[in-house]
2 protein chains.
Amino acid sequence: MQIKRFFINKLALNVGERHELVKEDYNYIVVVTRARVGDSIIIANNTGYDFLCIIKEITKNTVTIEIKEKLQNNKEAKLNLTVCQALVKGDKFELITQKITELGAAELIPFTSTFTVVKENTNKTERLNKIAEQASAQCGRAKTLKIAEITTLKNLSKLLSNYDLVLLAYEQNKNSLKEVLQNSHSAKSVAIIIGSEGGFSKEEVDYLEKELKNLKTVSLGARILRAETAAIALSAAVMYERGEMS
Amino acid sequence: MQIKRFFINKLALNVGERHELVKEDYNYIVVVTRARVGDSIIIANNTGYDFLCIIKEITKNTVTIEIKEKLQNNKEAKLNLTVCQALVKGDKFELITQKITELGAAELIPFTSTFTVVKENTNKTERLNKIAEQASAQCGRAKTLKIAEITTLKNLSKLLSNYDLVLLAYEQNKNSLKEVLQNSHSAKSVAIIIGSEGGFSKEEVDYLEKELKNLKTVSLGARILRAETAAIALSAAVMYERGEMS
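All values reported here derive from a predicted model rather than from experimental measurement.

A tally of regular secondary structure across chain A gives 7 helices and 12 strands. Taken along the three principal axes of its C-alpha coordinates, chain A extends 60 × 35 × 30 Å. Pairs at least 24 residues apart make up 74% of the contacts formed inside chain A by residues separated by at least 6 positions. In the structure as shown, chain A presents an accessible area of about 11,300 Å², 47% of it carried by carbon and sulfur atoms. Between the centroid of the 35 positive side chains of chain A and the centroid of its 30 negative side chains there is a distance of 2 Å.

This part covers the sheet that holds strand β4 (residues 49-58) of chain B. All names here are of chain B. The sheet built from 5 strands is open, its strands ordered β1-β3-β4-β5-β2 with mixed pairing. Edge positions in the sheet fall to β1 (4-7) and β2 (18-21), since each has one partner strand and no second. Strand-to-strand twist across the sheet, computed as the mean angle between neighbouring axes with direction ignored, equals 40 degrees. Alignment of strand β3 (residues 40-44) against β4, held across 5 bridges, turns out to be antiparallel. In the sheet register, Ala44 faces β4, and the bridge partner there is Asp50.

Facing 43 residues of chain B, the contacting portion of chain A comprises 43 residues. The largest share of the area that chain B buries against chain A comes from Arg223(B), Arg226(B) and Tyr240(B), three residues that together contribute 23% of it. If you look at where chain B meets chain A, you find 8 salt bridges. The shortest N-O distance in the salt bridge between Glu241(A) and Lys178(B) comes to 3.3 Å. The tally of links between chain B and chain A comes to 26 residue pairs in polar contact (both at pLDDT 80 or more). Counting only elements with at least two residues in the side of chain B that touches chain A, the list comes to α2 (90-102), α3 (125-139), α5 (177-182) and α7 (227-241) of chain B. Residue contributions to the side of chain B that touches chain A peak at 9 residues, all from α7(B). When its residues are assigned to classes, the side of chain B that touches chain A shows 18 nonpolar, 14 polar and 11 charged.

Moving on: the packing of helix α2 (residues 90-102) of chain A against helix α7 (residues 227-241) of chain A. Axis angle and axis distance: for two packed helices, these are the angle between their axes and the distance between the axes, and together they describe the pair. All names here are of chain A. Their axes nearest at 9 Å, the elements α2 and α7 cross at an angle of 5 degrees. When the axes of α2 and α7 are compared, the pair comes out roughly parallel. Packed against α2, whose contacting residues are Lys92, Leu95, Ile96, Lys99 and Ile100, the element α7 presents Glu228, Ala231, Ile232 and Ser235 at the interface.

This brings us to the sheet that holds strand β2 (residues 18-21) of chain A. Residue and element names in this part refer to chain A. Taken in spatial order, the 5 strands line up as β1-β3-β4-β5-β2 in an open sheet, and their pairing is mixed. Bordering the open sheet on either side are β1 (4-7) and β2, each of which pairs with just one other strand. Neighbour to neighbour, the strand axes of the sheet diverge by 40 degrees on average, direction disregarded. In terms of strand pairing, strand β4 (residues 49-58) meets strand β5 (residues 63-72) through 9 bridges, oriented antiparallel. When the sheet's bridge partners are listed, Ile55 is paired in β5 with Ile65.

It is worth spelling out unusual backbone geometry at this point. Phi at Lys10(A) is positive, roughly 65 degrees, even though this residue is not glycine. For Lys10(A), the location among the structural elements is in the loop between β1 and β2. Overall, Lys10(A) belongs to the exposed group, its relative accessible area being 75%. Of note, the phi angle at Asn46(B) is positive, near 75 degrees, even though the residue is not glycine. One can find Asn46(B) in the loop between β3 and β4.

It is worth spelling out the nonpolar core at this point. In terms of nonpolar packing, the biggest core is built from 86 residues, with Leu167(A), Leu177(A), Leu167(B) and Leu177(B) touching the most fellow members. In this structure Leu177(B) touches Tyr240(A), Met245(A), Ser246(A), Leu167(B), Val218(B), Ser219(B), Leu220(B), Leu234(B) and Ala237(B), once residues within four positions along its chain are discounted.

The subject of this paragraph is empty space enclosed by the protein. The full count for this structure, using the stated rule, is 3 cavities of 30 Å³ or more. A volume near 50 Å³ is recorded for the largest cavity. Surrounding the largest cavity, Leu220(A), Gly221(A), Ala222(A), Arg223(A), Leu225(A), Glu102(B), Leu103(B), Glu244(B) and Met245(B) form its lining. For the lining of the largest cavity, a count of residues per class yields 5 nonpolar, 1 polar and 3 charged.

Superposing chain B onto chain A takes a rotation of 180 degrees combined with a translation of 0.0 Å along the rotation axis, leaving an RMSD of 0.0 Å. The transformation just described matches what one would write down for a two-fold rotation axis. It is Ala237(B) whose C-alpha, among those of chain B, lies nearest the rotation axis, at 2.7 Å. An overlap of 100% is found between the interface residues of chain B and their copies at the interface of chain A, pointing to a shared contact surface.

A separate point is the side chain of His19(A). All names here are of chain A. Along the chain, the position of His19 falls in strand β2. The exposure class assigned to His19 is buried, which follows from its relative accessible area of 17%. Within the local environment of His19, its side chain forms a polar contact with the side chain of Glu17, the two groups lying 2.8 Å apart. Filtering out sequence-adjacent residues up to four positions away, His19 remains in contact with Leu11, Ala12, Leu13, Val63, Thr64, Ile65 and Ile67.

For the rest of this paragraph, the subject is α7(A). Residue and element names in this part refer to chain A. Helix length check: α7 (15 residues) gives 21 Å between terminal C-alpha atoms against 21 Å at 1.5 Å per residue, within 8%. Taken across its 15 residues, α7 has 15 buried, putting it largely inside the fold. Of the residues trailing α7, Gly243 is marked for its positive phi of about 75 degrees.

Across all of its chains, the model carries 5 aromatic pairs over all chains by this definition. Centroid distance Phe6(B) to Tyr28(B): 5.9 Å. Interplanar angle 85 degrees. Geometry classified as edge-to-face. A residue pair is termed long-range when its members are at least 10 positions apart, and Phe6(B) in strand β1 and Tyr28(B) in helix α1 (residues 23-32) qualify at 22 residues. According to the relative accessible area criterion, Tyr28(B) is partly exposed, its value standing at 30%. A centroid spacing of 6.5 Å and a plane angle of 5 degrees characterise the contact between Phe111(B) and Phe200(B), whose relative ring orientation is stacked. Residue Phe111(B) is located in strand β7 (residues 107-112), and its partner Phe200(B) is located in the loop between β11 (189-194) and α6 (202-211); the two are separated by 89 residues in the primary sequence. The exposure class of Phe200(B) is buried, given its relative accessible area of 8%. Across the ring face of Tyr49(A), the terminal group of Lys70(A) is positioned such that the distance to the ring centre comes to 4.3 Å.

Criteria and thresholds
- Residues numbered from 1 in each chain as written.
- Chains lettered and ligands numbered in written order.
- Predicted model: local features only at pLDDT ≥ 70, side-chain atom pairs only at ≥ 80, totals over all residues.
- Heavy atoms only, no water.
- Helix = DSSP H or I, 4+ residues; strand = E, 2+ residues; numbered from the N terminus.
- Contact = heavy atoms within 4.5 Å.
- Areas by Shrake-Rupley, 256 points an atom, 1.4 Å probe, with all protein chains shown as cover.
- Lys, Arg positive; Asp, Glu negative; His and termini not counted.
- Charge placed at Lys NZ, Arg CZ, Asp CG, Glu CD.
- Pairing = 2+ DSSP bridges.
- Axes fitted to C-alpha atoms, helices over the stretch in contact; angles between N-to-C directions.
- Buried area = accessible area lost by both parts, 1.4 Å probe.
- Salt bridge = Lys/Arg side-chain N within 4 Å of Asp/Glu carboxyl O.
- Polar contact = N/O pair within 3.5 Å; in protein donor to acceptor, adjacent residues only side chain to side chain.
- Nonpolar A, V, L, I, M, F, W, Y, C, P; charged D, E, K, R; others polar.
- Parallel < 35°, antiparallel > 145°, perpendicular 65-115°, else oblique.
- Buried < 20%, exposed > 50% of the residue type's maximum accessible area, 1.4 Å probe, protein only.
- Core = buried A, V, L, I, M, F, W, Y, C linked by side-chain atoms within 4.5 Å.
- 1 Å grid on protein atoms, 1.4 Å probe; cavity = no way out; pocket = protein on both sides within 12 Å on 5 of 7 lines; lining within 4 Å.
- Points joined across faces, edges and corners; volume = space filled by probe spheres on them.
- Least-squares fit on C-alpha atoms with pLDDT ≥ 70 in both.
- Expected span 1.5 Å × (residues − 1).
- Phe/Tyr/Trp six-rings, centres within 6.5 Å; stacked < 30°, edge-to-face > 60°.
- Lys NZ or Arg CZ within 6 Å of the ring centre and 35° of its normal.

Here it is as structure tokens:
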């Protein structure tokens, strides 16, 4: 049986220490996944390492773990992928958060633009962080998806200027995604920009193209993908092209 | 504004005819999307053609359309992609149905295997068909995803023997997905086999490898993808590799 994995963000862990975990950590470890005294579990804390722990004691509200070993974790993608996603309805945003975490993305940047119907994130960042942490634990990552503050499309031009490659998914474009990606194998950091259900205005595309010299607009093919499908499929394509799905 | 698209499966359509649509077609066209008399709409009927229609009359329960033009539709993928998916919980199966339709898959074959927890499809085929048809209409396809009867893993060996390439997603395999796909560009038909949450038994993998000479087991990378993520991401990777996302 596989050792159960848990994600406890920002909890400093050192071999030999004991920690008493309460509330949601207790709930998830003891109630949801039914770990028992004597079980080995792995806890990741966003440091890039796995910590092998033993459950020493369980009370009505607490679970005490002892840290036995600090392990290398080799599940992080070598490529630094950031997904910039225009706001979409809550359940879709949650789906994107979960799926791009599994696919190995490093960061998610929510933004507003002219055609976003949703104007503020209906998801509390806390909830999105929890979804990302659980997805990280489940897929074996030792880091989680960083979820940035909501920004604006205009501001993306500042945030993304240092990336090696920025891809803007835009239906009306004829650049071949495959050609662009095959010609960018040296890019260590890639950002993708996905619109909301309404897509982008011509002005927004022109603005980003003018401001970001590292930007390529790409079509995702003949079929018009929903926003969340575009985010997941383009992330998968980038990771595939870079050997991260092999 | 874009012309609204609808999918009415198996309705024979000929230029010049009038059709009175009722019930769910009426509901979707008039109530949900608020089409009005005089509006142009496109109806696809799984023939591979789009039919440009005018709404001639709307009553309390009926909408009458007149077919003006039969149009070529070039949104179908050239590659014939079949997704064989072990049964997973209802909402995940619906997600897979919708997403692989958008990505251009031709067929979905649900199956049971040793580790499937769900033993019968909790989704009525009718509901899955509706999800696929709406996804087809939305992404611009003139055909919809064919949803096969539930079968068994053993039976897949018969159903898939004529495919040019069959990919089995299996964590414990070290074949490179990218290498396999890059060496199979002549394959006109590709099937992918995705397990349930529990994955496959060693015996099942051995059985399929023995029975299907066209089968390659492939790993999807370091991170363990959930079943539905694997189905969507592998479909995206195959379509991307074959130029269907460019």
